[in-house]
Amino acid sequence: MKCGVIGLPNVGKSTLFNAITRAGAEAANYPFCTIEPNTGVTAVPDARLAALTDMYHPKKTTPALVEFVDIAGLVKGASKGEGLGNKFLSHIREVDALVHVVRCFDDSNVQHVDGRVDPVRDAEVVNLELILADLDTVERREDRARKSVKTGDKKTALEADTAAKIRAHLEGEQPVRTCALTSEEREIARGWFLLTDKPVLYAANIGEDQIGLPEDTLPGIPELKALAAKERAETLVISARVEADIAAMEPEDKALFLEELGIGQPGLDRFAKASYKLLGLISFLTAGADEVRAWTIREGDRAPQAAGKIHTDFERGFIRAEIVAFDALMREGGMAACKEKGLVRSEGKDYVMKDGDVALFRFNV
């Protein structure tokens, strides 16, 4: 599961990516510093892992991870190939969700491709290029389907109608994710890997001097949040530069710096959690003397699918899952106490996993 980090050039994408992953992607004050996408992973902060580690004292603790791809800056005309746009758009097509970095601070030392900062305008420039790229894809799909519809294939007819509905929506400069589609139409569209059908998190990149101020008093933030709400997207306010500095600190220095800033936790913790949620992911937990681990699954996955994340044999030979809620486990102080009080449930193949389930799978192959 990948999140693509996108935006105009010089908005702080690579700086934020460096802070997220500590992967050392080059960050420079000129457009197209990033051409090939940089890739890195970051742990999803989860206090439950620390609590389970204190309880079980395992040999190792493994968090859930999110993969990020730092994609080069898009410019006006990217859908027509401007600024190597076609290549960059192909990188976006390969990810599962988008983190759209929008610059919300003024700095005379950092160039802006349009000469001045305007968060909503900047977001709309990128969005329009994605819409135009999708429009080209959908028009070709519709044309191909219309030519085949004479064969009487009902599926082809539905594809043509779906493409026509989406085309009209895109022509109104609206992203596909806000288009009212039936479940069948949505399934067809999913196979086209449309750029504006992906979930989006706007990362509003603010200046160091704006940290700690009420978000809705910052220039451009309320307007950007309104745009996101209209598009069924999410917004997170963060300072990429400050987060990059925090990420490079030793733990004791980090705690002191956060205290001086007057913030409880690094913005990156909120960012990683928001990205994880954006991808439609949750974690179930396993705990024992060897390892305490958070396992990544999709929201709505059933117990056998979750078991298969540990090993394919677990899913193939699934018998049942023994589940206890994390809060109950902490409250009672251990699995034995939970069993005595009947808090450990035996769940079958149809059980839908919940975030924070502590699970033990029984299987036979």
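Now for a quick tour of the structure. These numbers come from a predicted model, not from an experiment.

Calculation criteria
Residues numbered from 1 in each chain as written. Predicted model: local features only at pLDDT ≥ 70, side-chain atom pairs only at ≥ 80, totals over all residues. Heavy atoms only, no water. Helix = DSSP H or I, 4+ residues; strand = E, 2+ residues; numbered from the N terminus. Buried < 20%, exposed > 50% of the residue type's maximum accessible area, 1.4 Å probe, protein only. Contact = heavy atoms within 4.5 Å. Areas by Shrake-Rupley, 256 points an atom, 1.4 Å probe, with all protein chains shown as cover. Phe/Tyr/Trp six-rings, centres within 6.5 Å; stacked < 30°, edge-to-face > 60°. Lys NZ or Arg CZ within 6 Å of the ring centre and 35° of its normal. Pairing = 2+ DSSP bridges. Axes fitted to C-alpha atoms, helices over the stretch in contact; angles between N-to-C directions. Core = buried A, V, L, I, M, F, W, Y, C linked by side-chain atoms within 4.5 Å.

Quick look at the overall build of the protein chain
Stage number 1. A count of helical and extended segments in the protein chain gives 14 helices and 12 strands.
Stage number 2. Within the protein chain, the fraction of its 365 residues that count as buried is 48%.
Stage number 3. Long-range pairs, those at least 24 residues apart, make up 68% of the contacts in the protein chain between residues at least 6 apart in sequence.
Stage number 4. Within the structure as shown, the protein chain displays about 17800 Å² of accessible surface, and the carbon and sulfur contribution to it stands at 49%.

Things to note about the packing of aromatic side chains
Stage number 1. Scanning all chains against the criterion turns up five aromatic pairs.
Stage number 2. A centroid spacing of 5.7 Å and a plane angle of 90 degrees characterise the contact between Phe284 and Phe361, whose relative ring orientation is edge-to-face. Of this pair, Phe284 sits in strand E8 (residues 281-287) while Phe361 sits in strand E12 (residues 357-363), placing them 77 residues apart in sequence. Per residue, the accessibility class of Phe284 equals that of Phe361, and both read buried.
Stage number 3. Through a chain of ring-to-ring contacts, the aromatic side chains of Phe284, Trp295, Phe318 and Phe361 assemble into a single cluster.
Stage number 4. Residue placement shows Arg103 over the ring face of Phe105; its charged tip is 4.8 Å from the ring centre.
Stage number 5. The ring of Trp295 carries Arg293 above its face, with NZ or CZ at 3.8 Å from the centroid.

Here's the deal with unusual backbone geometry
Stage number 1. Phi at Asn10 takes a positive value of approximately 60 degrees, unusual for a residue other than glycine.
Stage number 2. Mapped onto the elements of the fold, Asn10 is located in the loop between strand E1 (2-6) and helix H1 (13-21).
Stage number 3. In this structure Asn10 comes out as buried when scored by relative accessible area, which is 12%.
Stage number 4. Unusually for a residue other than glycine, Phe193 sits at a positive phi of about 50 degrees.
Stage number 5. Among the structural elements, Phe193 can be located in the loop between helix H6 (183-190) and strand E6 (200-205).
Stage number 6. In this structure Phe193 comes out as exposed when scored by relative accessible area, which is 51%.

Side note on the sheet that holds E1
Stage number 1. The six strands lie next to each other as E2-E4-E1-E5-E6-E7, forming an open sheet whose pairing is mixed. Each of the sheet's edge strands pairs with one partner strand only, and the pair in question is strand E2 (38-43) and strand E7 (234-238). Taking each pair of neighbouring strands and ignoring which way they run, the sheet shows an average axis angle of 25 degrees.
Stage number 2. Pairing analysis gives four bridges linking E1 to strand E4 (residues 65-70), with the strands arranged parallel. By the bridge assignment, Cys3 is partnered in E4 with Phe68.
Stage number 3. Relative to the sheet, H1 contacts E1, E2, E4, strand E5 (97-103), E6 and E7, its axis offset from that of E4 by approximately 155 degrees.
Stage number 4. Seen against the sheet, helix H10 (residues 267-278) touches E1, E2, E4, E5, E6 and E7 and runs at an angle of roughly 165 degrees to E7.

Considerations on the pairing of E8
Stage number 1. With respect to burial, E8 is a largely interior element, six of its seven residues being buried.
Stage number 2. Across seven bridges, the pairing between E8 and strand E9 (residues 291-298) is antiparallel. When the sheet's bridge partners are listed, Ile282 is paired in E9 with Ile297.
Stage number 3. Between E8 and E9, which pair antiparallel and follow one another directly, the connecting turn spans three residues.

Focus on the nonpolar core
Stage number 1. Among the nonpolar cores identified, the biggest contains 69 residues, and Leu16, Phe68, Tyr202 and Phe271 are the most heavily contacted of them.
Stage number 2. Setting aside anything within four residues of it in sequence, one finds Tyr202 in contact with His100, Val102, Ala123, Asn127, Leu224, Leu227, Ala228, Glu231, Ala233, Glu234, Thr235 and Leu236.
Stage number 3. If you look at the next biggest cluster of nonpolar residues, it comprises 15 residues, including Ile297, Phe314, Phe318 and Met353.

Digging into the side chain of His100
Stage number 1. Among the secondary structure elements, His100 is positioned in strand E5.
Stage number 2. Note on His100: relative accessible area 2%, which makes it buried.
Stage number 3. Setting aside anything within four residues of it in sequence, one finds His100 in contact with Ile6, Gly7, Ala123, Val126, Asn127, Val200, Leu201, Tyr202 and Ala203.

Looking at the side chain of Asp357
Stage number 1. With respect to the helices, strands and loops of the structure, Asp357 is situated in strand E12.
Stage number 2. Discounting residues that sit within four places of it in the chain, Asp357 has contacts with Ser283, Phe284, Leu285, Ile323, Val324, Arg345 and Tyr351.

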